[in-house]
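# A closer look at the structure
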Amino acid sequence: MSPSTITLLFLLFAVIMFVLEKIPLGVTSMIVCIGLVVTGVLDVKTAFAGFIDSNVILFVAMFIVGGALFETGMANKIGGIVTKFAKTERMLIIAIMVIVGLMSGILSNTGTAAVLIPVVIGIAAKSGYKRSRLLMPLVFAAAMGGNLSLIGAPGNLIAQSALSEIGLKFGFFEYAIVGMPILIVGIIFYATIGYRLLPSHDVKDDGAFDTTKNFDNVPKWKQWLSLIILVFTLLAMIFEDKIGIKLCISGGIGALLLILTGVISEKDALKSIDLKTIFLFGGTLSLASALQETGAGEVIANKVIGALGANPSPYILTLVVFLLCCIMTNFMSNTATTALMVPICLSIAQGMGADPRAVLMACVIGGSCAYATPIGMPANTMVVGAGGYKFMDYVKAGFPLIIIATVVSMIILPIAFPFFP
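Reading guide: rules and limits
Per chain, the residues get numbers from 1 upward, laid out in the order the sequence is written. Note on the predicted model: pLDDT of at least 70 is required for a residue's local features to be given, and 80 or more for side-chain atom pairs to be given and counted; whole-chain, interface and lining totals, by contrast, use all residues. No hydrogens and no water enter the side-chain calculation; it runs on all heavy atoms of the structure. UniProt positions are given in the numbering used here, feature names are shortened, and annotations may be inferred rather than shown by experiment. Numbering of helices and strands runs from the N terminus; a helix is a DSSP stretch of H or I covering at least four residues, while a strand is a stretch of E covering at least two. An expected span of 1.5 Å times one less than the residue number is assigned to each helix. Bend at a given residue is defined as the angle between two axes, one fitted to the seven residues that end at that position and one fitted to the seven that begin there. Relative accessibility thresholds used throughout: buried, under 20% of the residue-type maximum; exposed, over 50%; partly exposed, between the two (1.4 Å probe, protein chains only). As used in this record, nonpolar core signifies buried Ala, Val, Leu, Ile, Met, Phe, Trp, Tyr and Cys residues forming a set joined through side-chain atoms within 4.5 Å. Here, residues are in contact when the closest pair of their heavy atoms is within 4.5 Å. Salt bridges, as used here, are contacts in which a Lys or Arg side-chain nitrogen is within 4 Å of a carboxyl oxygen on Asp or Glu.

Naming follows an unreviewed UniProt entry, where the chain appears as Sodium-dependent dicarboxylate transporter SdcS of [Ruminococcus] torques. The heading Subcellular location (unreviewed entry) in the UniProt record of the chain holds the text "Membrane".

## As for helix H7 (residues 109-127)
Taking 1.5 Å per residue, 19 residues should reach 27 Å; H7 reaches 25 Å between its end C-alpha atoms and fits that length. The principal kink in H7, of about 35°, is found at Leu 116, preceding the proline Pro 118 by one to four residues. Across the 19 residues that make up H7, a large majority, 16, are buried. Trailing H7 by a residue or two, Gly 128 shows a phi angle of about 85°, which is positive.

## Notes on the nonpolar core
Among the nonpolar cores identified, the biggest contains 145 residues, and Met 62, Leu 138, Val 321 and Met 341 are the most heavily contacted of them. Leaving out residues up to four positions away in the same chain, Leu 138 has contacts with Ile 96, Val 100, Ala 113, Leu 116, Ile 117 and Val 120.

## Some points on the environment of Gly 366
Tracing the chain through its elements places Gly 366 in helix H19 (residues 356-367). By relative accessible area, which is 0% here, Gly 366 ends up buried. The spatial distance from the C-alpha of Gly 366 to the C-alpha of Ile 81 is 37 Å, given a sequence separation of 285 residues. Once residues lying within four places of it in the same chain are set aside, the contact partners of Gly 366 are Phe 322, Cys 325, Cys 326 and Thr 329.

## What about the pattern of salt bridges?
Tallying each qualifying case throughout the model produces 5 salt bridges. The residue Lys 130 makes a salt bridge to Asp 202 at a minimum N-O spacing of 3.5 Å. Taken together, the positions of Lys 130 in the loop between H7 and helix H8 (132-145) and Asp 202 in the loop between helix H10 (176-191) and helix H11 (220-238) put the pair 72 residues apart, joining distant regions of the chain. Among the residues examined, Lys 130 registers a relative accessible area of 29% and is labelled partly exposed. By relative accessible area, Asp 202 is classed as exposed at 69%. With a closest N to O distance of 3.9 Å, Arg 357 and Asp 355 form a salt bridge. Given the relative accessible area of 15%, Arg 357 is considered buried. Connected through shared salt-bridge partners, Glu 174, Asp 355 and Arg 357 make up one network.

Next comes the structure, spelled out in structure tokens:
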């Protein structure tokens, strides 16, 4: 059996097991990771590279930074201030989505979600609303906000570098032509119809996110220092390019400072790391590597696009590229999907004599629609444990958002980015 066939079988196994959830999500992803080594598809180093991926390091660091915000009671304080202004659950959801969506446009969407997850859990604790109903809108808004600027998501820069090689480029806020309407319609959707689709789980408070503690005896300096370090971590992430320090390193410095200053003990810091998230994300990255290395991802893409014939209609091609990226991004990382699809889309556009920007915009926006699974993007994975989510929660709440993004994109793309300008 060829490596690409074995990879596709593991992909099928992962999808079925994620949906049925007969065994924990993290265990499924580890079966896939180890299975790909045993069958010789990947070597040990490549299969386990996901566990030293920069996003996993960012997760660990931000779990500790978030944990300190809870251990000191600062998250609850912030939650109390926010809930004074947003009186209802719907108002809270709208406020969270607007703030996160706009921040993700100028910050990395993963970084934004990482910084704000502990704050939103604090808001949930103070307001009495279930955190599972607030965290999902947060990560969806982070994904949508990533399409507001060139630096919002890694996929945006992948498309830009491919375009620059043929002497073209996207403007800094050009993605927002499609991204902003998707964000606005998405927020309206969750404030109205989608509000009923949000999962409602009672999550047992333990580890870092224990919001039931009494914080009266915590020294004030610890509370304020936990917030100051969080703010400086956030600023370092905003100015990542200016200071030349990667997100995960900024997070790591923040986490180390909190432990060294005694704001959070080493024991509590370790307790705050959600291993379920680490195993789920690290394990499934091996599947993304296998789809790339064996060419299985390319086989899927070429088969689907090849089925359109020699001279497909530009509108149909845009739709197919968009939907293919939507499907693939929910099982590979959004960055891996864009990296795989950009060269394929570029060669199709050049072969047809079409404007590559039109096809690549469809590819990037489609590749960001990772709403329907917990593994589609790092932010989705980060809230699995904190929100007590199951795989099907993402499908129920996130799939309608994919339909919305598709409809909005198919209206705007042909007008703003015509195939034959």
